[in-house]
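Structural overview for review
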Amino acid sequence: LVVAALYTLLTKRWALSFLVLWLSVLLKYVTLLLLPVFIFWAFYQLPSAKQKLKLMLGVGGLIFVITVLLYAPFWEGFQIFRGLFEQSRIFNFFNFAIVPGLVFGLAYLVGSGLSWSYALLTEISRYAGAFIFILFYCWQLINFVRAKARLPIYYIFLALFGYVFFYLTYLQPWYFIWLIPLALLARGK
């Protein structure tokens, strides 16, 4: 869905690109990271404020309706998102991404003399990875805004790659599968 959303974005089918991206978000929340890139790119390409407002109001309303329709049959209050928050708390040292794993190792060396617990070392790793990812993500968004003429493919890839590389504390090998098409598309962009 991300590749389809990117394709429709690049072919200037603005409403469809946002709708497909939103379907991707509803399936895998991490793709919400791409929304700022899509919004800026569409706003940069649309010539008038009236077109921008029309796009955002129309697409925003449609996204709201689609979200309500898709969530309504399963709605049990905001507890529906409990699984997401529980999943984000899963960790295993052997499944850390690169940066949380390095932070864990360094924290283990420092904390071994202080009797730091495994849970504390993991929390240090998680928060350090999140902090580094947020810095990286904001830096890339700033770079994207500054490089107005560049296509968004490269920055979309960097946002998702940064999430996997810097943040994840439960990395699975198949997480790289959805990065492969974006890496191929971002090549040389």
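What you see is a predicted model, and the numbers here were worked out from it, not measured in a lab.

Scanning the protein chain for helices and strands turns up 9 helices and 0 strands. Along the protein chain, from the amino end to the carboxyl end, the secondary structure elements read α-α-α-α-α-α-α-α-α. Summarising its shape, the C-alpha atoms of the protein chain cover approximately 60 × 45 × 30 Å along the three principal directions. Considering the protein chain as a whole, with its 189 residues, one finds that 37% of them fall into the buried category. Residue pairs at least 24 apart in sequence account for 68% of intrachain contacts in the protein chain once pairs closer than 6 positions are excluded. Surface exposure of the protein chain reaches about 11300 Å², of which carbon and sulfur atoms provide 73%.

Attention now goes to the nonpolar core. Core analysis: the largest hydrophobic core is formed by 46 residues, its most contacted members being Trp14, Leu34, Phe38, Leu55, Ile156 and Leu182. Those elements that provide at least two residues to this core are helix H1 (2-10), helix H2 (14-27), helix H3 (35-45), helix H4 (49-71), helix H6 (98-111), helix H7 (118-146), helix H8 (153-167) and helix H9 (180-186). Among the elements that line this core, the one with the most residues is H8, at 9 residues. Leaving out residues up to four positions away in the same chain, Leu34 has contacts with Val2, Leu21, Ile156, Ala159 and Leu160.

Our next topic: H4. Think of an α-helix as 3.6 residues a turn; residues three or four steps apart then line up on the same face. Taking 1.5 Å per residue as the helical rise, H4 with its 23 residues ought to reach 33 Å, and the 32 Å between its terminal C-alpha atoms agrees with that figure. On its buried side, H4 packs onto H2 and H3.

This next bit is on the packing of aromatic side chains. Under the counting rule described, the total for this entry stands at 16 aromatic pairs. Grouping aromatic residues by their ring pairs yields a cluster made of Phe40, Trp41, Tyr44, Phe144, Tyr154 and Tyr155.

Taken together, the side chains of Leu1, Leu23, Leu27 and Leu70 make up a nonpolar region of the molecular surface, amounting to roughly 390 Å² of accessible area. Within the secondary structure layout, Leu70 lies in helix H4.

The residue Lys50 is located in helix H4 in this model. The spacing of Lys50 and Tyr155 is 105 residues in sequence and 27 Å in space, taken between C-alpha atoms.

Cut-offs applied
- Residues numbered from 1 in each chain as written.
- Predicted model: local features only at pLDDT ≥ 70, side-chain atom pairs only at ≥ 80, totals over all residues.
- Heavy atoms only, no water.
- Helix = DSSP H or I, 4+ residues; strand = E, 2+ residues; numbered from the N terminus.
- Buried < 20%, exposed > 50% of the residue type's maximum accessible area, 1.4 Å probe, protein only.
- Contact = heavy atoms within 4.5 Å.
- Areas by Shrake-Rupley, 256 points an atom, 1.4 Å probe, with all protein chains shown as cover.
- Core = buried A, V, L, I, M, F, W, Y, C linked by side-chain atoms within 4.5 Å.
- Expected span 1.5 Å × (residues − 1).
- Phe/Tyr/Trp six-rings, centres within 6.5 Å; stacked < 30°, edge-to-face > 60°.
- Patch = residues over 30% accessible without salt bridge, like charges linked within 9 Å, V, L, I, M, F, W, Y side chains within 5 Å.
- Salt bridge = Lys/Arg side-chain N within 4 Å of Asp/Glu carboxyl O.

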